[in-house]
Amino acid sequence: MAHAFEPAQSRRTKAYLVGGGIASLASAAYLIRDGGLAGSNISIFEAGSVLGGSLDGAGSPDHGYVIRGGRMFTYEAYTCTFDLLSFIPSLLDPAKSVKDEIIEFNDKVISHSRSRLVRSGEKVDVSIMGFDNRDRLDLIGTMAVSEEMLGAKRIQDVFQPSFFKTNFWFMWATTFAFQPWHSAVEMKRYLHRFLQEFPRLNTLAGVRRTPYNQYESIILPLQKWLKERGVRFETRARVTELDFKYGPDGKGVEQVRYVRDGTQNQIAVGDHDLVFVTIGSMTAGSSLGSMSQPAKAQDGAQDGSWALWGTLAKKHSDFGRPSVFDGNVDKSKWLSFTATMRDPTFFNLMEKFTGNAAGTGGLVTFVDSNWLMSVVLPYQPHFVGQPDDVNVFWGYGLFVDQEGNYVKKRMSDCSGEELLIELLGHLRFDKHKALILKSSNCIPCMMPFITSQFMPRVKGDRPHVKPAGTTNVAFIGQYCEIPDDVVFTVEYSIRSAQMAVYSLLNVDKKVSPLYKARHDLGVYFSSLKTLFH
Ligand SMILES: Cc1cc2nc3c(=O)[nH]c(=O)nc-3n(C[C@H](O)[C@H](O)[C@H](O)COP(=O)(O)OP(=O)(O)OC[C@H]3O[C@@H](n4cnc5c(N)ncnc54)[C@H](O)[C@@H]3O)c2cc1C
């Protein structure tokens with residue numbers, strides 16, 4: 001054991017956190033609450049100019065709003081997330097926690113989709129999943145077999161081709177953004193982690209949301225809490241290298257090097273100081289287009305997250321293999337879009353078509369879309385200060401290299417206007433096309449690494465949160481190894497933060513329990529019923 005932190009020593013310990021996403025912000029919060037560190041001894045280095053990483057939300061009614069994504073949570077699976085949010089006061093009503101605010105919101109805006117899948121402009125009956133017996137056996141087999149047995153297999157290696165045409169797959173794949181070529185191990189983990197969602201996958205009734213976009217509902221209150229405690233936010237600071245020294249207890253970081261405004265800087269890391277590193281980022285290299293321009297493809301190589309992990313992994317064989325994740329942009333990219341509507345026609349038509357008021361429905365997926373396009377109408381307003389006569393919605397497509405059904409272009413080459421034209425075609429809203437297009441501002445967003453965390457992997461491709469033989473460094477975020485938990489979730493990043501803080505500081509506290517649906521008999525039987533329905 002390298003460090004045995006006493007409370008008095010914790011007050012002197014400094015912590016350097018690489019990355020300003022939820023993984024780092026959560027680490028800082030736990031360092032203060034459970035580790036006893038002084039906020040003023042914590043520095044967060046963020047390459048960008050705002051904090052929050054993937055949990056973004058920006059724009060205005062005039063220039064258009066942008067969210068790269070919208071998050072779905074569940075009460076069962078998000079134990080770390082709700083633990084964190086239970087001690088962060090809401091911005092709008094500081095007497096409440098962010099957790100209370102989310103619960104109140106979801107008690108008011110009940111999620112129950114009446115239109116999950118659409119084919120040929122009509123709602124699909126999703127009361128059955130569409131399995132045959134082989135699919136059922138394959139699902140049970142995937143859940144039963146060990147991760148070692150699955151190895152680097154892809155989902156398409158463990159299911160027959162017709163499985164990918166079932167209602168289940170269309171709903172499952174678009175809820176979680178799975179592609180057939182993604183990791184079978186991750187699919188197995190998801191089946192276990194979200195088994196409780198099986199009976200309600202067709203209504204998304206288990207999904208919980210934040211009152212506003214997650215930048216305003218989660219990041220800003222958390223940032224305020226940290227700032228009030230003196231945490232230092234070093235924005236526009238890209239960490240380029242960590243220098244290690246070797247001692248009897250193992251290796252530890254002795255220097256953090258970073259670049260700001262073209263100037264190289266370094267910080268000496270003291271013997272009892274700590275370093276937390278967010279490795280990789282699913283939103284690295286993302287780029288925006290406009291109503292008239294497509295989003296330009298970028299390779300993300302210039303981004304701090306992948307570059308730093310690459311540099312570290314080259315020198316330390318126990319720090320994982322980033323190329324497994326960032327080396328397949330064609331298989332990890334997709335495109336999302338945010339549309340700002342100054343006329344209510346589209347929302348009115350959608351509410352009538354789906355049978356859901358905005359905020360109560362969730363993802364609507366067009367199964368015959370060449371892009372496998374989905375859209376969500378969140379509860380309005382989705383931004384603080386959004387005017388009453390402006391509406392905002394979000395959508396995405398999984399197959400961005402395909403030509404559209406209505407716009408004969410690859411999705412990745414489409415402007416915001418063309419994305420809307422394709423959507424209106426699938427909805428058969430052509431009569432209202434001119435009005436809707438004239439009053440909308442749709443902004444495409446290309447994300448080259450958005451599903452990089454789902455690429456097939458084997459043991460050793462992801463480093464442990466606290467690698468054996470290291471003294472003062474932990475890896476956090478989506479690309480470290482956490483047994484049983486699932487990536488592409490806020491939960492995973494926050495779990496990594498809890499694990500990192502508790503292990504580096506030897507905090508006598510347990511990481512929030514990981515909910516295991518298979519241990520709940522009620523869930524187990526209702527899932528079986530859905531499987532055989
Ligand atoms: C479209 C979309 C939909 C999603 N849907 C859901 C959902 O429904 N439910 C859910 O739970 N989750 C969802 N997620 C996932 C969730 O948002 C992420 O898992 C989570 O936000 C990742 O946080 P992070 O802090 O680990 O990493 P990131 O958010 O990637 O943040 C990392 C930050 O660190 C910075 N950084 C990295 N390296 C360096 C360096 N060397 N120097 C300086 N700065 C650096 C980066 O600039 C970045 O700001 C979604 C994400 C997206 C994009």
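Note that the structure is a prediction, hence the values are computed from the model and not measured. (Residues numbered from 1 in each chain as written. Predicted model: local features only at pLDDT ≥ 70, side-chain atom pairs only at ≥ 80, totals over all residues. Heavy atoms only, no water.)

Engineer: Explain the overall build of the protein chain to me, using residue names and the numbers behind them.
Structural biologist: Each helix and strand in the protein chain was counted, giving 18 helices and 18 strands. In terms of overall dimensions, the protein chain is globule-like: its C-alpha atoms have a radius of gyration of 23 Å, near the 24 Å expected for 533 residues. Projected onto its principal axes, the C-alpha positions of the protein chain cover 70 × 55 × 45 Å. Split into buried and exposed, the 533 residues of the protein chain put 61% on the buried side. Expressed as a percentage of contacts within the protein chain between residues at least 6 apart in sequence, the contacts between residues at least 24 apart total 74%. Of the roughly 20,600 Å² that the protein chain leaves accessible, carbon and sulfur atoms contribute 52%. (Helix = DSSP H or I, 4+ residues; strand = E, 2+ residues; numbered from the N terminus. Rg over C-alpha atoms; globule rule 2.2 N^0.38 Å. Buried < 20%, exposed > 50% of the residue type's maximum accessible area, 1.4 Å probe, protein only. Contact = heavy atoms within 4.5 Å. Areas by Shrake-Rupley, 256 points an atom, 1.4 Å probe, with all protein chains shown as cover.)

Engineer: So what's going on with the sheet that holds strand S18 (residues 473–476)? Residues and values would help.
Structural biologist: One open sheet accounts for 5 strands, arranged S7-S2-S1-S11-S18; its pairing is parallel. Strands with a single pairing partner mark the edges of an open sheet, and in this sheet they are strand S7 (232–235) and S18. Between one strand axis and the next, the sheet turns through 15° on average, direction left out of account. Pairing between strand S1 (residues 15–18) and strand S2 (residues 42–46): 4 bridges, direction parallel. Bridge pairing links Tyr16 to Ser43 in S2. (Pairing = 2+ DSSP bridges. Axes fitted to C-alpha atoms, helices over the stretch in contact; angles between N-to-C directions.)

Engineer: Got a sec to walk through helix H5 (residues 133–144)? Specific residues and values, please.
Structural biologist: Relative to the 16 Å expected for 12 residues at 1.5 Å per residue, H5 spans 16 Å between its end C-alpha atoms, a close match to the ideal helical length. Among all positions of H5, only Asp135, Arg136, Asp138, Leu139, Thr142 and Met143 are buried. In an axial view of H5, the angular spread of the buried residues amounts to 165°, which keeps them on one side of the axis. Looking at H5, the residues exposed on the side facing more than 90 degrees away from the buried face are Asn133, Leu137 and Ala144. The N-cap of H5, judged by a side-chain oxygen 3.1 Å from the amide nitrogen of Arg134 a few residues on, is Asp132. (Expected span 1.5 Å × (residues − 1). Arc of directions from axis to C-beta. Polar contact = N/O pair within 3.5 Å; in protein donor to acceptor, adjacent residues only side chain to side chain.)

Engineer: Quick rundown of the environment of Glu46? Include the residues and the values.
Structural biologist: Note on placement: Glu46 falls in strand S2. Of the residues examined, Glu46 reaches a relative accessible area of 13% and is grouped as buried. Once residues lying within four places of it in the same chain are set aside, the contact partners of Glu46 are Gly19, Gly20, Gly21, Leu51, Glu234, Thr235, Arg236 and Ala237. At a separation of 2.7 Å, a polar atom in the side chain of Glu46 contacts the main-chain amide nitrogen of Gly48.

Engineer: Report on the site of the ligand, specifying residues and quantitative values.
Structural biologist: Inspection of the region around the ligand gives 37 residues, with Glu46, Met72, Tyr78, Ser281 and Ser493 positioned closest. Between the ligand and Val239 there is a distance of 3.0 Å, counted from a nitrogen atom to a backbone nitrogen or oxygen. Separating an oxygen atom of the ligand from a backbone N or O atom of Val490 is a distance of 2.8 Å. Computed on the free molecule, the ligand has an accessible area of 1,000 Å², of which 95% lies beneath the protein chains in the complex. Taken together, the residues that form the shell around the ligand break down as 17 nonpolar, 16 polar and 4 charged. (Near = heavy atom within 4 Å. Nonpolar A, V, L, I, M, F, W, Y, C, P; charged D, E, K, R; others polar.)

Engineer: Give a detailed account of the layout of surface pockets, specifying residues and quantitative values.
Structural biologist: By volume, the second largest pocket amounts to about 400 Å³. Tallied by class, the residues present in the lining of the second largest pocket amount to 4 nonpolar, 4 polar and 10 charged. (1 Å grid on protein atoms, 1.4 Å probe; cavity = no way out; pocket = protein on both sides within 12 Å on 5 of 7 lines; lining within 4 Å. Points joined across faces, edges and corners; volume = space filled by probe spheres on them.)

Engineer: I'd like a rundown of empty space enclosed by the protein, residues and numbers included.
Structural biologist: Enumeration over the complete set of coordinates arrives at 2 cavities of 30 Å³ or more. Empty space within the largest cavity amounts to approximately 90 Å³. Per element, the largest residue contribution to the lining of the largest cavity is 3 residues, and it comes from helix H14 (residues 345–354). Its residues assigned to classes, the lining of the largest cavity shows 7 nonpolar, 7 polar and 1 charged. Looking at the second largest cavity, the residues that line it are Phe105, Asn106, Val109, Ser111, Val207, Arg209 and Gly359. Of the residues assigned to the lining of the second largest cavity, the class counts are 3 nonpolar, 3 polar and 1 charged.

Engineer: How would you explain the packing of H5 against helix H9 (residues 184–193) if you had to name every residue and give the values?
Structural biologist: The geometry of a pair of packed helices is captured by two quantities: the angle between their axes and the separation between those axes. Axis separation between H5 and H9 bottoms out at 8 Å; the angle between their running directions is 95°. Taken together, the axes of H5 and H9 lie roughly perpendicular to each other. Residue-level inspection shows Leu139, Thr142, Met143 and Ala144 of H5 in contact with H9, the latter providing Ala184, Lys188, Leu191 and His192. Of the residues contributing to the contact of H5 with H9, the split by class is 5 nonpolar, 2 polar and 1 charged. (Parallel < 35°, antiparallel > 145°, perpendicular 65-115°, else oblique.)

Engineer: Could you give an account of the pattern of salt bridges, naming the residues involved and the relevant values?
Structural biologist: All told, the structure shown has 32 salt bridges when counted by the stated rule. Put simply, Arg189 and Glu147 hold a salt bridge, and the shortest N to O gap is 2.7 Å. Of this pair, Arg189 sits in helix H9 while Glu147 sits in helix H6 (residues 147–150), and the two are 42 residues apart along the sequence. Judged by its relative accessible area of 24%, Glu147 falls in the partly exposed class. Between Asp485 and Arg193 there is a salt bridge whose closest N-O contact spans 2.8 Å. Note that Asp485 is positioned in the loop between S18 and helix H17 (490–504) and Arg193 in helix H9, a separation of 292 residues in sequence. Comparing Asp485 with Arg193 shows no difference in burial state: the two are buried. Through salt bridges with shared partners, a single ionic network connects Asp330, Lys333, Asp401, Arg410 and Asp413. (Salt bridge = Lys/Arg side-chain N within 4 Å of Asp/Glu carboxyl O.)

Engineer: Outline a nonpolar patch on the surface, supporting the account with residue identities and numerical values.
Structural biologist: Taken together, the side chains of Ile140, Leu521, Tyr524, Phe525, Leu528 and Phe532 make up a nonpolar region of the molecular surface, amounting to roughly 590 Å² of accessible area. No other element matches helix H18 (residues 521–532), which puts 5 residues into the nonpolar patch. (Patch = residues over 30% accessible without salt bridge, like charges linked within 9 Å, V, L, I, M, F, W, Y side chains within 5 Å.)

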